[in-house]
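The primary structure of each chain is shown beneath.
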Amino acid sequence: MNERATTDSMVQEDITTATANEKEIDQQDPNSCFHCHDAIIDEQIIFDRKAFCCNGCKNVYQLLSQHHLGEYYLQDEQAGIRPSTSSKESFAHLDDPAIRQRFIDFQEGAIIRITLHLPQIHCASCIYLLEHLSKLNAGILQSTVHFPKRLATITVNTDVTPLSDVAVLLTKIGYSPDFSSNKKNEKTFDKRLLVQLGLAGFAFGSIMLWSFPEYLGIDSTYKGFRNLSAYLALGVSVPVLLYSAQDYFKSAIGAIRAKTLNLDIPIAIGIVALYARSVVAIFSDEGPGYMDSFAGFIFFLLIGKWFQSKTYQWLSFERDFTAYFPVAVVKKDVDSTVLCPIDELEIGDEVTIRNEEIIPCDSVLLSEKATIDYSFVTGEADWIEKVKGDLLYAGGKICGENASMSVVKTTSRSALTQLWNEQHSKQTELAFQTRQDRISRYFIAAVLLIALVSTIVWSFINPSWIPEIITSVLIVACPCALALSVPFTYGNMLRKLGRKGFYLRNTSIIERIQECDTIVFDKTGTLTEQDTKNIEYIGEVLTPEQIETLIGITKHATHPYALAIHYWLKRTHHLTGKAIDAVEYPGLGIAFGETMKLGSAVFVGTTNEDALEACSFVTWNGAVLGKFVFKSTLRPDLKPLLTALAKRHQLAVVSGDKPRDLELIKPLFPEGTTFLFEQQPIQKKAYIDALQATGKRVLMVGDGLNDAGALNSAFVGLALSEDLVRFTPASDCILKAQNLSYLSDYIDYIHGGKRYLKYSFAFSLVYNLTGIGFAVTGSLTPFVAAILMPMSSVTVVALATFLTLTKKLRPEKEG
Amino acid sequence: MGMIYIMLIVSLFLAVFFLVIFLWAAKTGQYEDDYSPSVRVLYEDDIITHNQNKNNNGSTNS
């Protein structure tokens, strides 16, 4: 390729790839974008001696450097985010005083404070940029970022800058506000737990300090001192019992009311026994009792709990389908238009849905025609043309021109909602007894039995020892090590898997994955991905003139297909075309007068035999020349993954597509795999239900809203996500799509967790049994038992941490 | 021996003092975001952008 620079109105400097290494660029890797660090495919855009992958990135850089915010790039290696395009209209609801009331925190005249959830916040540079918004826009007075919650609190003078402009600015620099989840009302961080923890820690430390003389063997000669320290300990222990430990009592009482046993019951009994014994000791002038152990016990338990809550505070999986829908739509009112929240739409309302927006409820199309992308609902990557009078289902995304439609069903009654509301909730949740509870059920029964038996035995030997013995048995048998081993082992595993891009909702999902024996895959988007580089041209041979024109008209196209064709032609024909002014019809195609048209079948005026194919047609002077077909390609490394998974699981594939790719995927799967094609979302769900009715536990791997019902019915629903912050239907876990090939490793690791837990359980069981042995023979005083108790917890925690964190997991690179 | 009584009380007050500070910090949300402040402290704005702001007619930033 030769160096050939072209200049035009859009791009200031534009040089082909081959010359990148010459000293025009001041950055280390000329093949990755200076702003977003994505690999630059096909064409660099050089600006200010830096290489960018697209105009969007260049614009953000320009915006930042104009306002002297270049320091942004110094804050973090991975600073930029690929910007997305968006229009002011899509944020119009922010300028409507009634609707925006739901989002804003505070308003005084024109000054508004709003807290926005910006899921793309990911590094120090983000904080830097977002807290300097006032430099980018004069109307923004102040902005503060809350990093763990991905929130930005922005104070705006709406006289200068309307809120919708703020949202557009944010979107332009790559932080698209997410209005779907009402994050700001959620308490992701539990202040109460922190206070409980602080109190317990305070009491633990203080009582230990005051008990120090006791440890050294102070005796009744110093009665006054012993009493003082004992009563002080009693005083500080009261808030620990009443406030810090209250959750354990509540949970234990709840379990007793529901006539089940849970782990909190032995813990609660242990706490009460320890406390009661200590109170008796204090009032009978025996010294401070075991208040130090009591406070320490609560302190360690709460640390385990805090650790658990801290691990995954920033992930919210509880999303329903309404998260995909716009919050408000433009409704036609007599002779004006108003913004109407979607829950307030009524049958017969006329609404206008704009490009890229999702149809919120089933409607009849009123415009002449509309192009709709139903990939959310059906899983098919193709666009569907609808004409006036057609029924449009909720969940479709409008591509291209605005469409007006008349509502026939309100949101809550739409087809999608039905799918969702159809008893999809995990009823298994109740029936499913976690392992921990099963063990502790036997455990507590055994402990109570032992306590009872030793009471009876000791009533014959020496009745005066009975309180001591009972307390020792209950304290030493208290399964606190058991209680800690689960949150620590699984909590560590959650954290470790999360770093590899595999996010689980909570620790019980780990146990569920261990129980799964069947894995069902969705095809489109899960096993395959649309590859815009794998293009095939079918039709008449193109003349050089036609190729030149094609390259020219696609140069500034926005649609990914057109761009892909542009780069593909350039690559295969070694050409650098000049831009030609052509008209792009969003969602339909590109027209260069009547000479050349490139676009969908409807756009060029032909029909496609294979309606499922993703393709673009090209015409020359009105005659169809041929079509560019985009093939879906399999994700890499599926074969080893599926072979590894088949060892432990039965596999199946359900797909919404026609069985076109069967030949492609069949060799990958082991013998005996079920393949089901042309399945509607409801059938996918029915298939999962049928499997589970036969006693199977199904892990469903899917990608989109069209799998939502199936993901929800499955014992474990795993959603693949190309982009972790967007498009995550309610599911039990989310896996980064590029890490799919490691799924078998992760499942192995999760199964390994069972083993780690067994070690911890075995350890704490041995400890408890030995302790009980000494306790029932009367050779263990409650004091020693209470010292041993936290020690065993610490050992178990250390063991669990060591076992889970030393295991190596792919990929090496984290994040 | 009398000393130890004083020390006992002093230790109690010292611990209560720290407890109160901790509770205050927890209540005012200082443990919520433990990342952004560490970044924020390193900004060097004032040197960079004062002139620019004046050009923006300075109507707002109060």
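Rules of the game
Residues numbered from 1 in each chain as written. Chains lettered and ligands numbered in written order. Predicted model: local features only at pLDDT ≥ 70, side-chain atom pairs only at ≥ 80, totals over all residues. Helix = DSSP H or I, 4+ residues; strand = E, 2+ residues; numbered from the N terminus. Buried ≥ 20, exposed ≤ 12 C-beta atoms within 10 Å, placed from the backbone. Pairing = 2+ DSSP bridges. Axes fitted to C-alpha atoms, helices over the stretch in contact; angles between N-to-C directions. Core = buried A, V, L, I, M, F, W, Y, C linked by C-beta atoms within 7 Å. Contact = placed C-beta atoms within 7 Å. Parallel < 35°, antiparallel > 145°, perpendicular 65-115°, else oblique. Left-handed = near helix turned anticlockwise from the far one by under 90°. Nonpolar A, V, L, I, M, F, W, Y, C, P; charged D, E, K, R; others polar. pLDDT = per-residue confidence, 0-100. Expected span 1.5 Å × (residues − 1). Bend = angle between axes of the 7 residues up to and from the residue.

Of the regular secondary structure elements, chain B holds three helices and zero strands. Mapped in sequence order, the helices and strands of chain B form the string α-α-α. For chain B, buried positions account for 3% of its 62 residues.

Once that is clear, we can look at the sheet that holds strand 3 (residues 104–108) of chain A. Residues and elements named next belong to chain A. If you trace the four strands from one edge of the open sheet to the other, you get 3-4-6-5, paired in antiparallel fashion. Strand pairing shows two members of the sheet lacking a second neighbour, strand 3 and strand 5 (140–146), which therefore form its edges. Averaged over neighbouring strand pairs, the angle between their axes works out to 15 degrees when direction is ignored. Here strand 3 pairs with strand 4 (residues 111–117) via four bridges, running antiparallel. Within strand 4, the position partnered with Glu108 by the bridge is Ile111.

So, about the nonpolar core. All names here are of chain A. Membership of the largest hydrophobic core comes to 56 residues, with the highest contact counts inside it found for Val698, Leu699, Met700, Ala714, Val716 and Cys733. Sorting elements by how many residues they give to this core places helix 27 (residues 743–776) first, with eight residues. Those residues in contact with Val698 that lie beyond four places of it in its chain are Cys516, Thr518, Val520, Ile688, Leu691, Gln692, Ala714 and Phe715. Of all hydrophobic cores here, the second largest spans 51 residues; its members include Ile207, Ile282, Ala451 and Ala477.

Right, let's get into the sheet that holds strand 28 (residues 733–736) of chain A. Residue and element names in this part refer to chain A. Taking strand neighbours across the sheet as the criterion, the seven strands line up as 16-28-27-26-17-24-25 in an open arrangement whose pairing is mixed. Only two strands of the sheet have a single partner each, and these edge strands are strand 16 (502–504) and strand 25 (674–676). Within the sheet, the average angular offset between the axes of one strand and its neighbour, ignoring direction, is 20 degrees. Pairing of strand 16 with strand 28 involves three bridges; the strand directions are antiparallel.

Moving on to unusual backbone geometry. A negative phi angle is the norm for most residues apart from glycine, just as the trans form is the norm for most peptide bonds. All names here are of chain A. Not every positive phi belongs to a glycine, and Asn621 is a case in point at roughly 50 degrees. Locating Asn621 in the fold gives a position in the loop between strand 22 (614–620) and strand 23 (623–634). With 10 C-beta atoms counted inside 10 Å, the residue Asn621 sits in the exposed group.

The next subject is the environment of Phe488(A). Residue placement: Phe488(A) occurs in helix 18 (residues 480–499). Taking C-alpha positions, Phe488(A) is 6.3 Å from Val797(A), a pair spaced 309 residues apart along the chain.

This brings us to the pairing of strand 3 of chain A. Of all five residues in strand 3 of chain A, zero are buried; the element is thus mostly exposed. Linking strand 3 of chain A to strand 4 of chain A, which pair antiparallel, is a turn of two residues; within it Gly109(A) sits at a positive phi near 65 degrees.

A pair of packed helices is captured by two measures, namely the crossing angle of their axes and the spacing between those axes. All names here are of chain A. Packing of helix 7 (residues 191–210) against helix 9 (residues 223–244) brings their axes to within 9 Å, and their N-to-C directions diverge by 160 degrees. The orientation of helix 7 with respect to helix 9, classified from their angle, is roughly antiparallel. Every pair of crossing elements has a handedness; the one defined by helix 7 and helix 9 is left-handed. On helix 9, the residues that touch Gln196, Leu199, Ala200, Ala203, Ser206, Ile207 and Trp210 of helix 7 are Ser229, Leu232, Ala233, Val236, Ser237, Pro239, Val240, Tyr243 and Ser244. Residue classes in the contact of helix 7 with helix 9 are distributed as 11 nonpolar, five polar and no charged.

Take the packing of helix 19 (residues 507–515) of chain A against helix 27 of chain A next. All names here are of chain A. Interaxial distance between helix 19 and helix 27 falls to 9 Å at its minimum, and their mutual angle equals 105 degrees. On the basis of the axis angle, helix 19 is roughly perpendicular to helix 27. The residues of helix 27 that touch helix 19, namely those facing Ile510, Ile513 and Gln514, are Ile747, Ile750, His751, Gly753 and Lys754. In terms of residue class, the contact of helix 19 with helix 27 is built from four nonpolar, three polar and one charged.

Bringing the confidence of the model for chain A into the picture now. For chain A, mean pLDDT is 74; residues scoring 70 or higher make up 74% of the total. Across residues 314–324 of chain A the pLDDT falls below 50, and counting only partners more than four positions away or on other chains, this stretch makes 26 contacts in the model.

Our next topic: helix 9 of chain A. All names here are of chain A. Spanning 22 residues, helix 9 covers 30 Å between terminal C-alpha atoms, matching the ideal 32 Å at 1.5 Å per step. At Ser237, helix 9 shows its largest bend, some 30 degrees, and a proline, Pro239, comes one to four positions later. Among the residues of helix 9, Arg226, Ser229, Ala230, Ala233, Val236, Ser237, Val240 and Ser244 are the ones counted as buried.

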